[in-house]
Amino acid sequence: MAATDIDALYQEIILDHYKNPQHAGLREPYEAEVHHVNPTCGDEVTLRVHLEDGKVSDVSYDAVGCSISQASASVLTELVIGKPVDEAMAIHDTFLQLMQGKGQVEPDEDVLEDGIAFAGVARFPARVKCALLSWMAWKDATAQSLEATNG
Amino acid sequence: MAAARLPGLLPELEVIRKDFPILERTLAGDLPLVYLDSANTSQKPQVVIDTMVDHLERHNANIARAMHQLGAESTEAFEAARDKVAAFIGAPSRDEVVFTKNASEALNLVANTLAWARGPLEVGEGDEVVITEMEHHSNIVPWQLLTERKGARLRWFGLTDEGRLDLSNIDELVNERTKVVALTWVSNMLGTVNPVAEVARRAHEVGAVVVVDASQAVPQLPVDVVASGADFLAFTGHKVVGPTGIGVLWGRREHLDALPPFLGGGEMIETVAMERSTYAGIPHKFEAGTPPIVEAVGLGAAVDYLAHIGMDAVHAHEQAITAYALEGLATVPGLTVLGPLDATERGGAIAFELDGVHPHDVAQVLDSRGVAVRAGHHCAKPAHARFGVQSSTRMSSYLYTTPDEIDALVEALEYTRSYFKLDS
């Protein structure tokens, strides 16, 4: 890849989130906590979800990893905190589609906001899993939270 | 560059580079390839590629069972590769060289057959197996599986802050309960060259067998299996300019004879009846099924190639490049090398951290400049944990690496710092 191509990967938005991660840290209360790792590279995230009145009330996390995985966790929390669970899940699906689209999917800025910065990541197959780590953790924790609250 | 003629560099470096066609290729943006990932896998010289193609084009047949001319040629080529490997590592007998699919399989072969053995080699309840904190996962997990299955105890040597084996408690750690001591010769992460013979001496005092992971040693050092003190020694073909899919287990004849078979199937038998079978002698006892024939033939060509250059010369080259790289890396602000800082005491893999940039991001930006390195835990998570790091970036050189390529790495690291807006 030439330098211009990695600029597509490392968008300013991503570097900003990497340097100033939003909603970082682990907080109470929460219904579910999960720990996900990327076995090939060793990136790790511990993530908590708190649901209240059908909404994603809080997502808190402690993550170790590269700029893409860190920024992705930060963008995730910005996008889903305060949203009804159904809407948050839809955002998750849209992000997943973008990341699995091999660079062919046009990102929807209305839904993904800062998340559109990850469109370039989809062209780097080795980095897609970095971007998805915290999203997978969030989906897992949310499903567990739903079970805990409905059970 | 001022470094163009470092003492110890291979005198024919430019000629050697021409042997490796991949080094001619350019990457996206028309950048020349700077390949610094040889500890991961080495590149292949034309003679290895040609030997494999020739075998497939002209001599391909199954071995040891085909009665036709091609079968004879293929068998001869495969067994000649065994002779070449035996000579390359100083094995007293060609029969002590067992072909496996890689070093991991070789190590698993030993760990499994020690679990199934009866007699002095058997690892049982209350026995101890000693490894080290700097092992590749492939020399940790098989021993965890063995000790878990047999109720034995897994113990390990710790590491000093400089990244060397801490041998201060060797007499307590390796004791009369110890059945196996398994250690790496050269660390794939820290680069440390371990005193294998010294550890082996203590292990043999208490009657333990010594298993050496030589995956990073055989590519870089002149290896004499007998002088090493090992009872078993494993390495892989693709790190010694050979192909993937072929590994080697060397073992002392008396031990290989005493161990039960590993996998059952064709080729490893003497005779088979419905009730029971008897087994072939070594090495075939451990080579069930059709082996990786063309890969073995390629490995034979690879070790011939290295022997022709001379492993003393390859080692001197590695040391010169490693010393030059350690000097260059020391000039990069915020960069910390993990492992010994003296090139004479280490191999050519240098793992490092760069303050403020995650290893994946370092590797990605280096790749955009044509510099190929590895980032991650390098299958040595415990060694990383020992030094309080989650992952690292690793450059690794080989006989084709030039000082100019090290300069390119250092320059690309400077660029990485500026890309991530780090001030010095």
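Residues numbered from 1 in each chain as written. Chains lettered and ligands numbered in written order. Predicted model: local features only at pLDDT ≥ 70, side-chain atom pairs only at ≥ 80, totals over all residues.

A.B. asks: Explain the overall build of chain B here, please?
C.D. replies: Assigned secondary structure in chain B consists of 14 helices and 17 strands. A globule of 424 residues ought to have a C-alpha radius of gyration of about 22 Å, and chain B, at 22 Å, matches this closely. Considering chain B as a whole, with its 424 residues, one finds that 52% of them fall into the buried category. For chain B, restricting intrachain contacts to residue pairs at least 6 apart in sequence, the fraction spanning at least 24 positions comes to 71%. (Helix = DSSP H or I, 4+ residues; strand = E, 2+ residues; numbered from the N terminus. Rg over C-alpha atoms; globule rule 2.2 N^0.38 Å. Buried ≥ 20, exposed ≤ 12 C-beta atoms within 10 Å, placed from the backbone. Contact = placed C-beta atoms within 7 Å.)

A.B. asks: How should the interface of chain B and chain A be read in this particular structure?
C.D. replies: Between chain B and chain A, the contact holds 14 residues from the first and 14 residues from the second. For the side of chain B that touches chain A, the element with the most residues is helix α12 (residues 359–368) of chain B, which contributes 6 residues. Looking at the side of chain B that touches chain A residue by residue, the class counts come to 2 nonpolar, 9 polar and 3 charged. (Nonpolar A, V, L, I, M, F, W, Y, C, P; charged D, E, K, R; others polar.)

A.B. asks: So what exactly am I meant to see when it comes to α12(B) here?
C.D. replies: Residue pairs spaced three or four apart in an α-helix point in one direction, given the helix's 3.6 residues per turn. Residue and element names in this part refer to chain B. Among the 10 residues that make up α12, 10 are buried, leaving the element largely enclosed by the rest of the structure. Among the residues making up α12, those that are buried are P359, H360, D361, V362, A363, Q364, V365, L366, D367 and S368. A positive phi of about 90 degrees marks G370, the residue just after α12.

A.B. asks: I would appreciate a short explanation of the domain arrangement of chain B in the present structure.
C.D. replies: All names here are of chain B. Its domain assignment divides chain B into domain 1 (2–44 + 310–419) and domain 2 (49–308). Look at where the C-alpha atoms of domain 1 and domain 2 centre, and you get two points 28 Å apart. Counting residues at the interface gives 26 residues for domain 1, matched by 29 residues for domain 2. Within the residue set of the side of domain 1 that touches domain 2, elements represented by two or more residues are α11 (311–330), β14 (349–354) and α13 (381–386). Examining the composition of the side of domain 1 that touches domain 2, we find that 5 residues originate from one element, α11, more than from any other. Its residues assigned to classes, the side of domain 1 that touches domain 2 comprises 12 nonpolar, 7 polar and 7 charged. (Domains from an automatic or database assignment.)

A.B. asks: Where do I start with the confidence of the model for chain B in this structure?
C.D. replies: Detailed reading of the predicted coordinates is not advisable wherever pLDDT falls low. Residues at a pLDDT of 70 or more form 99% of chain B, whose mean pLDDT is 95. Predicted as a complex, the structure gets a pTM of 0.93 and an ipTM equal to 0.85. (pLDDT = per-residue confidence, 0-100.)

A.B. asks: What should I look at first to understand unusual backbone geometry in this one?
C.D. replies: Both trends apply: most residues other than glycine have a negative phi, and most peptide bonds are in trans. The omega angle of the peptide bond from E28(A) to P29(A) is -10 degrees, so this bond is cis rather than trans. Within the fold, P29(A) resides in the loop between α2 (12–19) and β1 (32–37). Residue P283(B) follows I282(B) across a cis peptide bond; omega there is 0 degrees. Tracing the backbone through its elements, the reader meets P283(B) in the loop between β12 (277–279) and α10 (293–309). In this model, D53(A) sits at a positive phi of 50 degrees, which is unusual for a non-glycine residue. Looking at where D53(A) falls in the secondary structure, it is placed in the loop between β2 (44–52) and β3 (55–64). You can call D53(A) exposed: it has 7 C-beta atoms within 10 Å. Positive phi is not limited to glycine here, since H378(B) has a value of about 50 degrees. Along the polypeptide, H378(B) turns up in the loop between β16 (374–376) and α13.

A.B. asks: What is the right way to read the environment of A208(B) from this model?
C.D. replies: Residues and elements named next belong to chain B. You can see A208 is positioned in the loop between α7 (196–205) and β8 (209–213). Exposure remark for A208: the 24 C-beta atoms within 10 Å place this residue in the buried category. Counting along the chain gives 27 residues from A208 to V181, while the straight-line C-alpha distance between them is 6.7 Å. Residues within four places of A208 in sequence aside, it is in contact with V174, T178, K179, V180, V181 and A203.

A.B. asks: What am I meant to see in α2(A) here?
C.D. replies: All names here are of chain A. Among the residues of α2, those classed as buried are I14, H17 and Y18. Seen end-on, α2 carries its buried residues on one side only, within an arc spanning 105 degrees. Among the structural elements, α3 (67–80) are those in contact with the buried residues of α2. (Arc of directions from axis to C-beta.)

A.B. asks: I tried to follow the packing of helix α3 (residues 69–89) of chain B against α10(B) on my own but got confused; where do I start?
C.D. replies: Packed helix pairs are characterised by how far apart their axes lie and by the angle those axes make with each other. Residues and elements named next belong to chain B. Contact geometry of α3 with α10 gives a least axis separation of 8 Å together with a crossing angle of 40 degrees. When the axis of α3 is compared with that of α10, the two are oblique. Crossing handedness for the pair α3 and α10: left-handed. Taken together, the residues of α10 that come into contact with α3 (itself represented by S74, A77, F78, A80, A81, K84, V85 and F88) are I293, A296, V297, L299, G300, V303, D304 and A307. Tallied by class, the residues present in the contact of α3 with α10 amount to 12 nonpolar, 2 polar and 2 charged. (Axes fitted to C-alpha atoms, helices over the stretch in contact; angles between N-to-C directions. Parallel < 35°, antiparallel > 145°, perpendicular 65-115°, else oblique. Left-handed = near helix turned anticlockwise from the far one by under 90°.)

A.B. asks: Which parts of the structure should I look at to understand the nonpolar core?
C.D. replies: In a soluble, globular protein the nonpolar side chains are often hidden away together inside. Core analysis: the largest hydrophobic core is formed by 122 residues, its most contacted members being V181(B), V212(B), F232(B) and A234(B). Each of domain 1 (2–44 + 310–419) and domain 2 (49–308) of chain B contributes no fewer than three residues to this core. The residues contacting V181(B), other than those within four sequence positions of it, are V130(B), V174(B), V199(B), A203(B), A208(B) and V210(B). Listed in part, the 39 residues of the second largest apolar core include L47(A), V56(A), Y61(A) and L133(A). (Core = buried A, V, L, I, M, F, W, Y, C linked by C-beta atoms within 7 Å.)

A.B. asks: Is there a simple way to explain the sheet that holds β2(A) in this structure?
C.D. replies: Remark on secondary structure: sheet strands pair via backbone hydrogen bonds, oriented parallel or antiparallel. Residue and element names in this part refer to chain A. Pairing in this open sheet of 3 strands is antiparallel, and the strands run β1-β2-β3 from one edge to the other. Each of the sheet's edge strands pairs with one partner strand only, and the pair in question is β1 and β3. Within the sheet, the average angular offset between the axes of one strand and its neighbour, ignoring direction, is 20 degrees. Here β1 pairs with β2 via 6 bridges, running antiparallel. If you follow V34 over to β2, its bridge partner there is L47. Sheet strands touched by helix α6 (residues 125–150): β1, β2 and β3. Its angle to β2, the strand with the most contacts, is close to 40 degrees. (Pairing = 2+ DSSP bridges.)

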